[in-house]
Amino acid sequence: MAAIATELQNTVLINENIKMVIWNCFEINLMGLNAILLAKRAGRMARGFGVISGELRELSLQLQGSMNRLSSASQDMLAESSHSMTQERRNQMLVHTSEQSADNTAYLADTLTRARVASDEHAARLRLVHQRLSEYIDEAYQACVFGVVIARAARIESAYSGEHSNVLAELSNDFASKVDSIVPRLEELRRISGNMK
C-alpha cells in the first residue's frame with residue numbers, strides 16, 4: 001500500500017512539472033513568433049535570427065507534444081495505481097475473510113487467486129506505463145538539449161543583426177533563459193521516473 005501511495009505522490013509531482021514545462025513551451029512559442037516578426041522588420045541582416053527563432057518555435061511545439069504524451073502516460077499511471085490500490089485492499093479483505101471463515105475456504109481461495117492474478121496484470125501494465133514515461137522524458141530531454149544549442153545559435157545570430165542586434169540579443173537571452181528553465185524540470189522528471197522502477 002505504501003508503494004502505491006508513493007506512486008500516486010510521484011504522479012502528482014510529474015503532473016506539476018509537466019504543467020510548468022508546457023507553460024515554458026507556450027512562452028517560447030510566443031517569443032519565437034515575436035522574434036520572427038522582429039527579424040522580418042530588421043530585414044536581411046536578421047534573416048538568420050528569424051530562421052533560428054522559427055526553429056525555437058518548432059522546438060517548443062515538439063516539447064509540448066512530448067509533454068502531452070507524458071501527461072497521458074501519467075494519467076494512465078494514476079489510473080493503474082488507483083486500480084492497484086483498490087485491488088490490494090480487496091485482496092487484504094479476502095485474506096482476512098478467509099482466515100475467519102472455514103466454510104467458504106475453497107471459494108475464497110479461488111477468489112483470492114483470481115484477485116492476485118488481476119493484481120499481477122495491473123503491475124505489468126504499470127511497468128509498461130513507467131517504461132513509456134521514461135521514454136517520453138528522454139525524448140523531451142533530448143529536444144531540450146537541442147533547444148539549448150539553438151538558443152546559443154540565436155545569441156550568435158543576434159550579433160550580426162546590425163542596428164537591431166541589441167533587441168535581438170535581449171530576445172535570444174530570453175530564449176536561452178526559458179530553455180534553461182526547462183532542463184531542471186526534465187531532470188526532476190527523470191529522477192522521479194528513476195525512483196519508480
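Because the structure is predicted, anything quoted here is derived from the model rather than measured. (Residues numbered from 1 in each chain as written. Predicted model: local features only at pLDDT ≥ 70, side-chain atom pairs only at ≥ 80, totals over all residues. Heavy atoms only, no water.)

### Some points on the overall build of the protein chain
In terms of regular secondary structure, the protein chain is built from four helices and zero strands. Mapped from its N terminus to its C terminus, the protein chain presents α and β elements in the order α-α-α-α. Taking the principal axes of its C-alpha atoms as reference, the protein chain extends roughly 90 × 20 × 20 Å. Put simply, 85% of the contacts in the protein chain that link residues at least 6 apart link residues at least 24 apart. Both charge centroids of the protein chain, one from 21 positive and one from 23 negative side chains, sit 5 Å from each other. (Helix = DSSP H or I, 4+ residues; strand = E, 2+ residues; numbered from the N terminus. Contact = heavy atoms within 4.5 Å. Lys, Arg positive; Asp, Glu negative; His and termini not counted. Charge placed at Lys NZ, Arg CZ, Asp CG, Glu CD.)

### As for the side chain of Ser-165
With respect to the secondary-structure elements, Ser-165 resides in helix 4 (residues 165-196). Residue contacts for Ser-165: discarding those within four places in its chain leaves Ser-158 and Ala-159.

### Quick word on the side chain of Ser-53
When you line up the elements, Ser-53 lands in helix 2 (residues 47-100). Excluding residues that lie within four positions of it along the chain, Ser-53 makes contacts with Gly-32, Ala-35, Ile-36 and Phe-175.

### Notes on the packing of helix 3 (residues 105-159) against helix 4
Packing of helix 3 against helix 4 leaves a shortest axis separation of 8 Å and a crossing angle of 160°. Judged by the angle between their axes, helix 3 and helix 4 are roughly antiparallel. Two packed elements cross with a definite hand, and for helix 3 against helix 4 that hand is left-handed. A class-by-class count of the residues in the contact of helix 3 with helix 4 yields 19 nonpolar, nine polar and five charged. (Axes fitted to C-alpha atoms, helices over the stretch in contact; angles between N-to-C directions. Parallel < 35°, antiparallel > 145°, perpendicular 65-115°, else oblique. Left-handed = near helix turned anticlockwise from the far one by under 90°. Nonpolar A, V, L, I, M, F, W, Y, C, P; charged D, E, K, R; others polar.)

### So, the nonpolar core
Judged by nonpolar contacts, the single largest core of 44 residues is most densely connected at Ile-14, Phe-49, Leu-70, Leu-133, Phe-175, Ile-182 and Leu-186. Listed by contribution, the elements that provide at least two residues to this core are helix 1 (2-42), helix 2, helix 3 and helix 4. Looking at this core, the element that brings in the most residues is helix 3, giving 13 residues. If we skip the residues at most four places from it in the chain, Ile-182 touches Val-21, Asn-24, Cys-25, Ile-28, Leu-63 and Cys-144. (Core = buried A, V, L, I, M, F, W, Y, C linked by side-chain atoms within 4.5 Å. Buried < 20%, exposed > 50% of the residue type's maximum accessible area, 1.4 Å probe, protein only.)

### What to know about the packing of aromatic side chains
Across all of its chains, the model carries one aromatic pair by this definition. Against the face of Tyr-141 rests Arg-190, its NZ or CZ located 3.9 Å from the ring centre. (Phe/Tyr/Trp six-rings, centres within 6.5 Å; stacked < 30°, edge-to-face > 60°. Lys NZ or Arg CZ within 6 Å of the ring centre and 35° of its normal.)

### Looking at the pattern of salt bridges
As enumerated under the stated definition, the model contains five salt bridges in all. For Lys-178, the salt bridge identified is with Glu-27, shortest N-O distance 2.6 Å. Of this pair, Lys-178 sits in helix 4 while Glu-27 sits in helix 1, and the two are 151 residues apart along the sequence. Ionic pairing is found between Arg-69 and Glu-139, a salt bridge with its closest N-O pair at 2.1 Å. Here the residue Arg-69 occupies a position in helix 2, and Glu-139 occupies one in helix 3, the gap between them amounting to 70 residues. Arg-69 sits in the partly exposed class, given a relative accessible area of 36%. (Salt bridge = Lys/Arg side-chain N within 4 Å of Asp/Glu carboxyl O.)

### Looking at the environment of Arg-155
Looking at the secondary structure, you find Arg-155 in helix 3. A sequence separation of 14 residues divides Arg-155 from Ala-169, and the C-alpha atoms of the two residues are 5.8 Å apart.

### Considerations on a nonpolar patch on the surface
A grouping of Trp-23, Phe-26 and Leu-30 is seen on the molecular surface, where their side chains present a nonpolar patch of about 310 Å² in accessible area. Within the fold, Leu-30 resides in helix 1. For Leu-30, a relative accessible area of 46% corresponds to the partly exposed category. (Patch = residues over 30% accessible without salt bridge, like charges linked within 9 Å, V, L, I, M, F, W, Y side chains within 5 Å. Areas by Shrake-Rupley, 256 points an atom, 1.4 Å probe, with all protein chains shown as cover.)

### A word on the environment of Ser-177
The residue Ser-177 is located in helix 4 in this model. Put simply, Ser-177 and Leu-70 are 107 residues apart on the chain and 23 Å apart in space, counted from C-alpha to C-alpha.

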